[in-house]
Amino acid sequence: MAFLDANYLLTTDSAKALYGEVGGLPILDPHNHCDVKALAEDRGFQDLWEAEAATDHYVWELMRKCGVEESLITGKEASNQEKWMALAKVFPLFAGNPTYEWIHLDLRTRLGISLEINEENALAIWEESRRKLQTPEFSPQSLILAMNVEAMCSTDDPADTLEYHERLGQSRLAGRVRPTFRPDNAMNIQKETWNGYVDRLGARWNRSLQCLDDFLDVLAQAHDAMGKLGAVASDHGVLVPETFSPDRKTAEALFQKARSGEKLTEAEAVLFRGFFLNEMAELDAAKGWVFQVHYGAVRDVRASLFRKLGADVGGDVSDHNTAALEPLLPLLNRFDGRLKVVLYNMNPAHNATMAMLTRAFGANVCLGPAWWLNDSYVGIRSQLELGASIDLFSNMTGMVSDSRKILSYGSRFDVYRRTLAGVLGDQVDRGQMPMSVGRMLARRLCYERPREFFGFR
Amino acid sequence: MAFLDANYLLTTDSAKALYGEVGGLPILDPHNHCDVKALAEDRGFQDLWEAEAATDHYVWELMRKCGVEESLITGKEASNQEKWMALAKVFPLFAGNPTYEWIHLDLRTRLGISLEINEENALAIWEESRRKLQTPEFSPQSLILAMNVEAMCSTDDPADTLEYHERLGQSRLAGRVRPTFRPDNAMNIQKETWNGYVDRLGARWNRSLQCLDDFLDVLAQAHDAMGKLGAVASDHGVLVPETFSPDRKTAEALFQKARSGEKLTEAEAVLFRGFFLNEMAELDAAKGWVFQVHYGAVRDVRASLFRKLGADVGGDVSDHNTAALEPLLPLLNRFDGRLKVVLYNMNPAHNATMAMLTRAFGANVCLGPAWWLNDSYVGIRSQLELGASIDLFSNMTGMVSDSRKILSYGSRFDVYRRTLAGVLGDQVDRGQMPMSVGRMLARRLCYERPREFFGFR
Amino acid sequence: MAFLDANYLLTTDSAKALYGEVGGLPILDPHNHCDVKALAEDRGFQDLWEAEAATDHYVWELMRKCGVEESLITGKEASNQEKWMALAKVFPLFAGNPTYEWIHLDLRTRLGISLEINEENALAIWEESRRKLQTPEFSPQSLILAMNVEAMCSTDDPADTLEYHERLGQSRLAGRVRPTFRPDNAMNIQKETWNGYVDRLGARWNRSLQCLDDFLDVLAQAHDAMGKLGAVASDHGVLVPETFSPDRKTAEALFQKARSGEKLTEAEAVLFRGFFLNEMAELDAAKGWVFQVHYGAVRDVRASLFRKLGADVGGDVSDHNTAALEPLLPLLNRFDGRLKVVLYNMNPAHNATMAMLTRAFGANVCLGPAWWLNDSYVGIRSQLELGASIDLFSNMTGMVSDSRKILSYGSRFDVYRRTLAGVLGDQVDRGQMPMSVGRMLARRLCYERPREFFGFR
């Protein structure tokens, strides 16, 4: 097979047939990190570095692994073209990592450029892509339409103004872009930045947040406001998903302590976060939204990066040892039968634990897709195979892009669909399910299931 | 390949040849949960729900995952036919999970029904299967003979009367059905039900259990009694397999404390259980029996189910984090060279740890098959491949059904044999072993090894 | 495919083409346990037991698993021929374990014997191999040259005299054999043997080690001495890789306490070892050497073996639960950008954690190959696939033999190369990378990358 040809990842006739069933379906993306402002303003991309690398610290990390100096990655001095040339030069060394496939796919599928990315082709790709990216056909909104994105959920803080979501409601993307309620900043009472954040949150909603009730009221207001703009889910990122909730009085005391500037102990912070997650789950339960938890990211472990560049620049890892089962039980039991939940793990050593847990808690508690550094052919494949052997394909919630880059949504979904087609095709070829059932499951996971579970309509 | 045709799971010529070697061998099943009373009475099944789902909470769990309401799963009101119709309606959503394959296989192999299970075929399957199940040809004993079960070990409590095992000794199954000594209820001193259980155990053996010696005597009596009925193994289910044994005086004090109705601390309960397991191992060592440990099941995590329906109805999970290595060492070292041990883990993230541990302890400490929610094509395959690359195929102990459903024993073993044939066949095809050695290992794991290790003769 | 034929492990055309690229490259082996004295003296092997089993406790363990009695494994009475006959008799039971393939490969590739090892062929193999092994063509040095070993690093204690490395510098292997600085004995302050070891270390360097500075000076001297003999790396084996370093004053106090014969608490020993590892890393950083850590071996768990035979005779395992991420961070951060590091894990449940960690720390922190009991087709394959999907193929450091047996180096590298060719070939066949890039990565991992990273030149 030639590199990235039509049968990319499809090595059997069954896989090809199943992909034929789903390759062209609209995209439903319940989680990404798109820049809503840029999307609303429909500002076009100046060049390929901006479109593919400027906002993607996963690309930065791999450049660092190949020895590219930081000035050519995040430096202020170097031009985008210089950075692109540095990226292209080491790009063949990315082979085997999904980033290698995604960016090549983006070029082929979206920009019609099928050159291999390397030093030799770097300039030709730069110029051709720049010519195209600067036309209206490649503006962010045009790309969303070209990729057939029917629904996509951004990641939004309760302190955000949401004005760009409002503008999108008036744009040609009306009805397609939805906010997601992501109150991590409000939850993370252990952080030094929490008090400042709470002030900002109050200011955003014109409230002085004197007590826990004020705080929760404002969060409920933000939740409502996102709902009016089409939100269907909340999203919570935690290291250990501790969900034991102390009583309200305890939580109030912790809130006051932190507001007064005193530092909470780690045990106190755990209690507050547990209380908080349960309150957020109540908001979701009341509206029939989906409560998403992704746990296990150990952030900013590389001190030199964090010192120089701050958070979200690389240096995030996960640990086989992170506890997940016992911590999740209080919330899962409290909301049993009245809350839709999706669980995402970061370390593949937890795949079986998560599948057993979602299996145990009935129709509403579901396994999300292979997430984060597991979002690759091998990661998706093993998570689907193991997940479905313990829990059920049919109860999973399909794919999310989790991407910062609009240009790349299509490729993320395409890799998932091809990998799923391969997994189901192999089961058909081993006689484990009839082809008709394979087709049904492929369509379900690529479209029907997320549409119904998240309530995109 | 057509769904479940003759080459089900066999995608290469080598796999087919190896399966040809073992597909027809008698079944030796060292662990299952068969209803000995029903088997002794040879009461036929009224219908397919009774035969396939009424006793199988794994089926219940998957029905719940598909949104079937509890009344159609465990409700007292709904008829078996209504439940079957509910099951058949969602059955295509089970595809990918081994339950989908097992029940279809049972229908094909045992009942000669090759219709796909779905809403459309539900009634036809119901009626044809009912007609057949109600004939003597499909009584439990007939099924055991039809499946060529040479030996099978049920799971028996020391307080059980064993009268049905005695009756089986007079039946046409004479010599085929053996009890297994499973004293979990006697071990679980931390449970509220323990004191009542100990009273019942005493009553069963006409002894007042005043002290630890009485208690252990009665257990030894039960062990003897099972031995007379053909038992060759004990079986122990624990969360963390703590096997450090305190001295007898300490154990006596703990026994007395619990008998007096005082609650033990968790640390005390750990000590008692450690003592207990060592004592049980002594009984096995003295008789040359196999000591089976399966650890890591976190039971009844879904509180709503447990409240409504009690234990063994679903809601059991396992955790990647459970400790196993250090806890097992005291017992493995104490009995080194004089006790046959089989270890079964519940979470596949432990597969390598268990294989290393069995590898380290010589010929008598062996790896059991992929167990519980790992008993699937993908689970068996990865456990065999990893297990044999660390330890040895030849030292494993073959398959167990672990099943509550007689109708399904054949299918469980068939999936194992086909998967094993595929794993060995791939090694032959990669030039890793000669076909003759592959054949030897296939026969060994499917018949000779469990026969010799457990001592079925 | 016939057993171990030319296409062993190569099931596709792409794999064959890629192996064609690398099968004949010179061997660079940054870690093994060769007997430097025997190599320097170029003493030939008397027989196949001596060459293949006498120094290899991995073989011993598998013999034990097959029920061979200890007298025929490590006994002083039995002859080498008797031991070989015992090994050959059970050898077919090893199939599936890499040892089965390695020894067969050694026979074929090095000795030109392609008989299957079993009872029937045992004597013929014994005699033919003995005839050959006793000729100069099969002396250790001849084997090293025949296997095209361009560089190999032994494992050397700072108290070693290094005289045999000096002799090798004058031999026909000049420039090929390098020491590796392995100061575990100096680090393991918790061991009863530590004080005696420190005395021996002082004696070796003619210094009385009165204080921490003396101790560190002598280690630096040993480091220098090995550097003069071509060393390019240090190597450290730890259970939990705790790398938090206390200040020098604390370390001095711990040193004095231990030297005075007092036992350190476990917490104190952790601190001392953390300090020690950081000091050793400084030595490496100053010289541009590679700092290798392999963690997670739980040693000598089988008490009966340890009592009878001591350490390094089998009974080593690893645990899915061992912590690794947080413990490694202090050292990785302290030396960020100025130390080359290779991380090796022992339990495959840690593969993803390690790949994420190496990914996070830039070009100098790299993933080593599947190590120890993971050094098998299935272990190498899954570590490469998962490792490259998270981190990068191109940043890995290639293969090490980790072997005690010179005769077997070629086979270890050959299995790695064939497995790598299969992994890359599958990616080519799935359209994930062009063949040209696959070829580049194959060559890089098999030769260029270790050459450059370790600095073999």
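In short, a report on the structure. (Residues numbered from 1 in each chain as written. Chains lettered and ligands numbered in written order. Predicted model: local features only at pLDDT ≥ 70, side-chain atom pairs only at ≥ 80, totals over all residues. Heavy atoms only, no water.)

## Quick notes on the relation of the copies chain B and chain C
Then, number 1: You can overlay chain B on chain C at an RMSD of 0.0 Å; the transform is a turn of 120 degrees with a shift of 0.0 Å along its axis. The symmetry that links the two subunits is that of a three-fold axis. (Least-squares fit on C-alpha atoms with pLDDT ≥ 70 in both.)

## Here's the deal with the nonpolar core
Then, number 1: With 508 residues, the main nonpolar core has Phe215 and Phe393 of chain A, Phe215 of chain B together with Phe215 and Phe393 of chain C as its most contacted residues.
Then, number 2: Apart from residues lying up to four places away in sequence, Phe215 of chain B is in contact with Ala186, Trp194, Val198, Leu201, Leu209, Phe255, Phe272 and Phe276 of chain B. (Core = buried A, V, L, I, M, F, W, Y, C linked by side-chain atoms within 4.5 Å. Buried < 20%, exposed > 50% of the residue type's maximum accessible area, 1.4 Å probe, protein only. Contact = heavy atoms within 4.5 Å.)

## Considerations on the relation of the copies chain A and chain C
Then, number 1: The two copies are related by a screw operation: chain A maps onto chain C through 120 degrees of rotation and 0.0 Å of translation along the axis, at an RMSD of 0.0 Å.
Then, number 2: Little of the interface of chain A is mirrored in chain C, where only 7% of its interface residues again form contacts.

## Overview of the interface of chain A and chain C
Then, number 1: With 45 residues of chain A at the interface, the matching set in chain C holds 46 residues.
Then, number 2: Where chain A meets chain C, there are 3 salt bridges.
Then, number 3: Linking Glu61 of chain A and Arg359 of chain C is a salt bridge whose minimum nitrogen-to-oxygen distance equals 3.0 Å.
Then, number 4: The tally of links between chain A and chain C comes to 23 residue pairs in polar contact (both at pLDDT 80 or more). (Salt bridge = Lys/Arg side-chain N within 4 Å of Asp/Glu carboxyl O. Polar contact = N/O pair within 3.5 Å; in protein donor to acceptor, adjacent residues only side chain to side chain.)

## Section: the interface of chain B and chain C
Then, number 1: Counting residues at the interface gives 45 residues for chain B, matched by 45 residues for chain C.
Then, number 2: Our count for the chain B to chain C interface comes out at 3 salt bridges.
Then, number 3: Applying the counting criterion to the chain B and chain C interface returns 23 residue pairs in polar contact (both at pLDDT 80 or more).
Then, number 4: Of all elements in the fold, only α16 (325-334), α17 (351-360), α18 (377-390), α19 (409-429) and α20 (435-454) of chain B reach the threshold of two or more residues within the side of chain B that touches chain C. (Helix = DSSP H or I, 4+ residues; strand = E, 2+ residues; numbered from the N terminus.)

## Focus: the sheet that holds strand β2 (residues 149-153) of chain C
Residues and elements named next belong to chain C.
Then, number 1: Overall, parallel pairing links the 3 strands, which are arranged β1-β2-β3 in an open sheet. In this open sheet, the two edge strands, each paired with only one partner strand, are β1 (27-29) and β3 (177-178).
Then, number 2: The pairing of β1 with β2 spans 3 bridges and is classified as parallel. Note on β2: the bridge partner recorded for Ile27 is Val149.
Then, number 3: The sheet contacts of helix α19 (residues 409-429) involve β1 and β2, and relative to β1 the element is tilted by about 100 degrees. (Pairing = 2+ DSSP bridges. Axes fitted to C-alpha atoms, helices over the stretch in contact; angles between N-to-C directions.)

## Focus: the pattern of salt bridges
Then, number 1: Counted under the stated rule, the structure contains 90 salt bridges over all chains.
Then, number 2: Measuring nitrogen to oxygen at the nearest pair gives 4.0 Å for the salt bridge that ties Lys65 of chain A to Asp391 of chain C. Of this pair, Lys65 of chain A sits in helix α4 (residues 57-65) while Asp391 of chain C is found in the loop between α18 (377-390) and α19, placing the two residues in two different chains. One exposure class covers both Lys65 of chain A and Asp391 of chain C, and it is buried.
Then, number 3: Residue Asp217 of chain B is joined to Arg207 of chain B by a salt bridge in which the shortest nitrogen-to-oxygen separation is 3.3 Å. Pair noted here: Asp217 of chain B is in helix α12 (residues 212-228) and Arg207 of chain B is in the loop between α11 (194-204) and α12, with a separation of 10 residues, a long-range link.
Then, number 4: The exposure class of Arg207 of chain B is partly exposed, given its relative accessible area of 29%.
Then, number 5: Among the ionic contacts, a cluster of salt bridges with common partners joins Glu21, Arg439, Arg443 and Glu448 of chain A.

## Here's the deal with the side chain of His294 of chain C
Residue and element names in this part refer to chain C.
Then, number 1: With respect to the element layout, His294 can be found in strand β5 (residues 290-295).
Then, number 2: In this structure the side chain of His294 is engaged in a polar contact, spanning 3.4 Å, whose partner is the side chain of Arg182.
Then, number 3: Once residues within four sequence positions are removed from consideration, His294 is found in contact with His31, Arg182, Asp235, His236, Gly237, Val238, Tyr344, Met346 and Trp371.

## Some details on the packing of helix α16 (residues 325-334) of chain A against helix α17 (residues 351-360) of chain A
All names here are of chain A.
Then, number 1: Direction vectors running N to C along α16 and α17 enclose 20 degrees, while the axes themselves pass 12 Å from each other. Relative to α17, the element α16 is oriented roughly parallel. Considering only the axes of α16 and α17, their crossing is right-handed. The segment α16 lies against α17, with Leu325, Leu328, Leu329 and Leu332 engaging Thr353, Met354 and Leu357.
Then, number 2: Taken together, the residues of the contact of α16 with α17 sort by class into 6 nonpolar, 1 polar and no charged. (Parallel < 35°, antiparallel > 145°, perpendicular 65-115°, else oblique. Left-handed = near helix turned anticlockwise from the far one by under 90°. Nonpolar A, V, L, I, M, F, W, Y, C, P; charged D, E, K, R; others polar.)

## With respect to the sheet that holds strand β8 (residues 340-345) of chain A
Residues and elements named next belong to chain A.
Then, number 1: Here we have 4 strands laid out as an open sheet, ordered β4-β5-β8-β9, and parallel in their pairing. Each edge of the open sheet carries a strand with a single partner, namely β4 (233-238) and β9 (365-367). With strand direction ignored, the average angle separating the axes of adjacent strands in the sheet is 20 degrees.
Then, number 2: Sheet topology note: the β8/β9 ladder contains 3 bridges and is parallel. Residue pairing across strands places Val342 opposite Cys366, the latter belonging to β9.
Then, number 3: Contacting β4 and β5 (290-295), helix α14 (residues 266-287) crosses the sheet at an angle of about 150 degrees to β5.
Then, number 4: Each of β4, β5, β8 and β9 touches helix α20 (residues 435-455); the most contacted strand, β8, lies at about 125 degrees to it.

## Looking at the packing of aromatic side chains
Working definition: an aromatic ring pair is given by the centre-to-centre distance plus the angle between the planes.
Then, number 1: Summed over the entire model, instances satisfying the criterion amount to 39 aromatic pairs over all chains.
Then, number 2: Look at Trp194 of chain A and Phe255 of chain A: their rings are 5.7 Å apart centre to centre, the planes differ by 85 degrees, and that puts the pair in the edge-to-face class. Remark: Phe255 of chain A occurs in helix α13 (residues 248-259) and Trp194 of chain A occurs in helix α11 (residues 194-204); sequence separation between them is 61 residues. Across the pair, exposure class does not vary: Trp194 of chain A and Phe255 of chain A are buried alike.
Then, number 3: Taken together, a centroid distance of 5.8 Å and an interplanar angle of 85 degrees make the contact between Phe453 of chain A and Phe454 of chain A edge-to-face.
Then, number 4: Aromatic rings pair up to connect Trp194, Phe215, Phe255, Phe272 and Phe276 of chain A into one cluster.
Then, number 5: Against the face of Trp102 of chain B rests Arg412 of chain B, its NZ or CZ located 3.6 Å from the ring centre.
Then, number 6: The ring of Trp205 of chain C is capped by Arg204 of chain C, whose NZ or CZ atom sits 3.7 Å from the centre of that ring. (Phe/Tyr/Trp six-rings, centres within 6.5 Å; stacked < 30°, edge-to-face > 60°. Lys NZ or Arg CZ within 6 Å of the ring centre and 35° of its normal.)

## Brief notes about the pairing of β5 of chain C
Residue and element names in this part refer to chain C.
Then, number 1: Counting buried positions along β5 gives 6 out of 6 residues, so the element sits mostly inside the fold.
Then, number 2: Side-chain alternation along β5 places Val290, Gln292 and His294 on one buried face and Phe291, Val293 and Tyr295 on a second face that is also buried.
Then, number 3: In the sheet, strand β4 (residues 233-238) pairs with β5 via 6 bridges, with the strands oriented parallel. Considered in β5, the bridge of Val238 is made with Tyr295.

## Thoughts on the side chain of Ser129 of chain B
Residue and element names in this part refer to chain B.
Then, number 1: Examined against the element boundaries, Ser129 turns out to sit in helix α7 (residues 122-133).
Then, number 2: A distance of 2.7 Å separates a polar side-chain atom of Ser129 from the backbone oxygen of Ile125.
Then, number 3: Not counting the four nearest positions on each side in its chain, Ser129 is found in contact with Leu48, Leu111 and Ile113.

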